[in-house]
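# Inside the fold
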Amino acid sequence: MNKIASLYTITWANFAIVAYFGSLFLLNHFKIDALLIGVFRELLTIPFLLAQFVFLGLSGKLLVNQKSNGIFLISVLALTICTVLTVISFF
């Protein structure tokens, strides 16, 4: 049961990280900027950036060590693409 709970938790954490960076992209693309959005952007970007790498490592470990379902594979793929795009955006 613990393995299922960890798969479930990591799957939704992966989707939350992808949703955060996707929303940052959309807010920047449509040039939506408000004070409250700026505050949350400044407070959450570095923790989500670090969490992105941590959860990518945890997801990779779970992929190797145990059998996973389709939604978990989709979340890992989405997180990998999001990580690559985030790293590329720095250069």
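Our subject is the structure that appears above.
First, a word on what this report is: a plain description of the structure on this page. (Residues numbered from 1 in each chain as written. Predicted model: local features only at pLDDT ≥ 70, side-chain atom pairs only at ≥ 80, totals over all residues. Heavy atoms only, no water.)

We now examine the packing of helix α2 (residues 35–65) against helix α3 (residues 70–89). Contact geometry of α2 with α3 gives a least axis separation of 10 Å together with a crossing angle of 140 degrees. When the interaxial angle is binned, α2 and α3 end up oblique. Crossing handedness for the pair α2 and α3: left-handed. Of the residues in α3, those in contact with L49, Q52, F53, F55, L56, S59, L62 and L63 of α2 are F72, L73, V76, L79, T80, C82, T83, T86 and V87. Grouping the amino acids of the contact of α2 with α3 by side-chain chemistry returns 12 nonpolar, five polar and no charged. (Axes fitted to C-alpha atoms, helices over the stretch in contact; angles between N-to-C directions. Helix = DSSP H or I, 4+ residues; strand = E, 2+ residues; numbered from the N terminus. Parallel < 35°, antiparallel > 145°, perpendicular 65-115°, else oblique. Left-handed = near helix turned anticlockwise from the far one by under 90°. Contact = heavy atoms within 4.5 Å. Nonpolar A, V, L, I, M, F, W, Y, C, P; charged D, E, K, R; others polar.)

Here the focus is the packing of aromatic side chains. The final tally for this structure, using the stated rule, is four aromatic pairs. For the pair Y20 and F21, a centre-to-centre distance of 5.4 Å together with 75 degrees between the ring planes defines the contact as edge-to-face. Accessibility expressed as a relative area gives 13% for F21, which makes it buried. Aromatic side chains Y20 and F48 sit 4.3 Å apart centroid to centroid with 15 degrees between the ring planes, which places their arrangement in the stacked category. One end of the pair, Y20, is in helix α1 (residues 2–29); the other, F48, is in helix α2, with 28 residues separating them in the sequence. The exposure class of Y20 is buried, given its relative accessible area of 11%. Members of the aromatic cluster, connected to one another through ring pairs, are Y8, W12 and F15. (Phe/Tyr/Trp six-rings, centres within 6.5 Å; stacked < 30°, edge-to-face > 60°. Buried < 20%, exposed > 50% of the residue type's maximum accessible area, 1.4 Å probe, protein only.)

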